[in-house]
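A closer look at the structure
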Amino acid sequence: MIGDGMGLTQITAGMYMNGNRLNLEEFTHVGLQKPHSARELITDSAAAATAIASGRKTYNGAISVDEKGEPVTTIMELAKAAGMRTGLVVTSTITHATPAGFYAHQPDRNMEEAIAIDLVAAGVDFFVGGGKKYFDGRTDGRNLIDELWKKGYFVSDFSQSKFEEVKIDPSRKFAFFSAAEKPSKAAGGRDYLPRAAGAAVETLATGAAHGFFLMVEGSQIDWGGHDNDSDYIVSEMIDFDKAIGAVLDFAKKDGQTLVIVTADHETGGYAINPGSTWDTIRAGFTTKEHTASLVPVFAWGPGAKLFAGMYENTAIFGKISRALNLGKMQSGVSK
Ligand code: MG
Ligand code: ZN
């Protein structure tokens, strides 16, 4: 689970504005990771997603390709090859940099139409996010929604029903588009992330002989940081924490699921300044961009102890591979 732009202050603000309580407090092991990209001290979400998903540092903007532009294998691809079911639930477009890093290989994060083609080819079992226009409003005239149906998916979207009204058949691949472009804010009534995260774990676990790999993103914590809007950060943080709670509820019941929560980087140089109270954050920001701060990693479940300590973001790939016993399928990359 990735909180985009979720540094320690974002977590702290969400916690105090939620009555001094977050589901994140349930986690048993905590670590810190170094988010820098291959050459830049300050990463973007694409390079960070590539690092976490594939174990390779690359240039800012790269979607799971290395510095030479060659594709690098992702943890989601390894999980699928090992027979695991796969899923993605996000509050950005489903083709945005963070989710794309797990299934696509493109030289530039802005190539969302090409990334959509990669998603159709990837065969992800369950996905929920915005960006429908990259599937049915394309410059090449292809209708990828039709292609998803032809590949056996059940597809629905925001114009037909709310996410919770859709009947999910766990024996079938599932896609739900939450918006034509980017989904709205949690403060604007968007409430599908916790529900969809809970539905994803339940659906993917059903009939999964070899388990599942799911990536859930609280995508808009970052957008609150870019806007230097503390209220936006807090509402997105609390919404993401509800999704964490839904996944933890499943993991506690299941007993065999490792849950990892981290960020790709911090955004805004966000601080909680004097004048803040238990009801109000008096926020400071140093920038409208990302910052270079270490970001936390929380782990719960079998293999959680692998995530204690301080390490590069690329190490997360090797740690997940080890926890899932996927390491032997990979040579030279895991660390
Ligand atoms: Mg993101
Ligand atoms: Zn950002």
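The sections below set out a description of the structure shown in this document. Throughout this description, residue numbers start from 1 for each chain and increase along the sequence as written. Whichever chain is written first is A, and whichever ligand is written first is 1; the rest continue in order. Local features are withheld for residues below a pLDDT of 70 in this predicted model, meaning they are given only at 70 or higher, and side-chain atom pairs are given and counted only at 80 or more; totals for whole chains, interfaces and linings count all residues. As a convention, hydrogens and water are excluded, and side-chain values are obtained from all of the structure's heavy atoms.

1. Description of the overall build of the protein
Threshold: To qualify as a helix, a DSSP run of H or I must reach at least 4 residues; to qualify as a strand, a run of E must reach at least 2; elements of each kind are numbered from the N terminus. A radius of gyration in this sense is built from C-alpha atoms; the matching globule rule multiplies 2.2 Å by the number of residues raised to 0.38. Burial here depends on accessible area, computed with a 1.4 Å probe over protein chains only, as a share of the maximum for the residue type. Under 20% is buried, over 50% is exposed, and the range in between is partly exposed. Any two residues whose heavy atoms approach within 4.5 Å at even a single point are treated as in contact. Residue-level accessible areas treat just the shown protein chains as cover; the underlying method is Shrake-Rupley with a 1.4 Å probe. The sign given to each residue is positive for Lys and Arg and negative for Asp and Glu; His and the chain ends receive no count. To locate a charge, take atom NZ for lysine, CZ for arginine, CG for aspartate or CD for glutamate.
Regarding its fold elements, the protein presents 11 helices and 14 strands. A compact globule built from 335 residues would reach a C-alpha radius of gyration of about 20 Å, and the protein, at 18 Å, matches this within 12%. Principal axes of the C-alpha set define a box for the protein whose edges measure 55 × 45 × 40 Å. Buried residues in the protein amount to 56% of all 335 residues. For the protein, the share of sequence-separated contacts (at least 6 apart) that also reach a separation of at least 24 residues comes to 69%. Of the roughly 13200 Å² of accessible surface on the protein, a fraction of 50% belongs to carbon and sulfur atoms. Taking the 33 positively charged and 40 negatively charged side chains of the protein as two groups, their mean positions are separated by 5 Å.

2. Section: the coordination of the magnesium ion (ligand 1)
Think of it this way: four donors in a tetrahedron around the metal ideally sit 109.5 degrees apart, and six in an octahedron ideally sit 90 or 180 degrees apart. How we decide: Only nitrogen, oxygen and sulfur atoms qualify as donors, and only when within 2.8 Å of the metal (3.2 Å in the case of Na, K and Ca); with water excluded, sites may look incomplete.
On the protein side, the magnesium ion (ligand 1) has Asp4 (OD), Thr98 (OG1) and Glu217 (OE) as donor atoms, found 2.0 to 2.2 Å from it. Spacing between the donor residues of the magnesium ion (ligand 1) along the chain follows D-x93-T-x118-E. Here aspartate 4, found in the loop between strand S1 (2-3) and helix H1 (8-16), pairs with threonine 98, found in helix H4 (residues 97-103); they are 94 residues apart in sequence, far enough to count as distant. When its relative accessible area of 2% is taken as the criterion, aspartate 4 is described as buried. Note on threonine 98: relative accessible area 1%, which makes it buried.

3. Overview of the coordination of the zinc ion (ligand 2)
In the first shell of the zinc ion (ligand 2), the protein supplies Asp222 (OD), Asp222 (OD), His226 (NE2) and His290 (NE2), at 2.1 to 2.3 Å from the metal. In this structure histidine 226 comes out as partly exposed when scored by relative accessible area, which is 26%.

4. Some words on unusual backbone geometry
Even without being glycine, asparagine 228 reaches a positive phi, approximately 50°. Residue position: asparagine 228 is located in the loop between helix H9 (221-226) and helix H10 (230-254). According to the relative accessible area criterion, asparagine 228 is partly exposed, its value standing at 25%. Backbone geometry places asparagine 325, a non-glycine residue, at a positive phi of 65°. Position of asparagine 325 relative to the elements: it lies in the segment after helix H11 (315-323).

5. Concerning the side chain of lysine 319
Rules: We define a salt bridge as a side-chain nitrogen of Lys or Arg found within 4 Å of a carboxyl oxygen belonging to Asp or Glu.
Positionally, lysine 319 belongs in helix H11. At 12 Å, glutamate 312 is the nearest oppositely charged side chain to lysine 319, a buried residue that forms no salt bridge. If sequence neighbours within four positions are ignored, lysine 319 has contacts with Leu306, Phe307 and Tyr311.

6. Concerning the pattern of salt bridges
Across all of its chains, the model carries 21 salt bridges by this definition. Of the charged contacts in the structure, one is a salt bridge between arginine 21 and glutamate 25, with a shortest N-O distance of 3.0 Å. With a closest N to O distance of 2.4 Å, arginine 39 and glutamate 67 form a salt bridge. Placement of arginine 39 in the loop between strand S2 (29-34) and helix H2 (45-54) and of glutamate 67 in the loop between H2 and helix H3 (75-81) is noted, with a sequence separation of 28 residues between them.

7. With respect to the packing of H1 against H10
Which entries qualify depends on this criterion: Inter-axis angles, ranging from 0 to 180 degrees, are taken between N-to-C directions of lines fitted to C-alpha atoms, where helices are fitted over the stretch in contact. Between 65 and 115 degrees an angle is taken as roughly perpendicular, under 35 as roughly parallel, over 145 as roughly antiparallel, and anywhere else as oblique. Only Asp, Glu, Lys and Arg are considered charged in this grouping, and only Ala, Val, Leu, Ile, Met, Phe, Trp, Tyr, Cys and Pro are considered nonpolar; every other residue, Gly among them, is considered polar.
Across the interface, H1 lies against H10 with an axial gap of 8 Å and an inter-helix angle of 80°. By the angle class used here, H1 and H10 are roughly perpendicular. Where H1 abuts H10, its residues Gln10, Ile11, Ala13 and Gly14 lie against Ile233, Val234, Met237 and Ile238. Broken down by class, the residue content of the contact of H1 with H10 amounts to six nonpolar, two polar and no charged.

8. Quick notes on the packing of aromatic side chains
Rule in force here: Note on ring pairs: Phe, Tyr and Trp rings are taken, using the six-membered ring of Trp, and paired if centres are within 6.5 Å. Classes follow the plane angle, with under 30 degrees stacked, over 60 edge-to-face and the rest tilted. Whether a charge sits over a ring comes down to the Lys NZ or Arg CZ being within 6 Å of the ring centre and within 35 degrees of the ring normal.
One pass over the structure, following the stated rule, counts 13 aromatic pairs. Taking the centre distance of 4.7 Å and the plane angle of 55° together, the rings of phenylalanine 135 and phenylalanine 177 count as tilted. Placement of phenylalanine 135 in helix H6 (residues 133-136) and of phenylalanine 177 in strand S6 (residues 173-177) is noted, with a sequence separation of 42 residues between them. A relative accessible area of 0% places phenylalanine 177 in the buried class. Both rings, one in tryptophan 149 and one in phenylalanine 154, keep their centres 5.6 Å apart while their planes meet at 75°; by these two values the pair is edge-to-face. On the accessibility criterion, tryptophan 149 (36% relative accessible area) is partly exposed. Counting every residue linked through ring pairs, the aromatic cluster contains Phe126, Trp149, Phe154, Phe163, Phe174 and Phe176. For the cation-ring pair, lysine 182 lies above tryptophan 223, with the distance from its terminal atom to the ring centre recorded as 5.2 Å. Positioned over the ring face of tyrosine 311 is lysine 319, at 4.4 Å from the centre of the ring.

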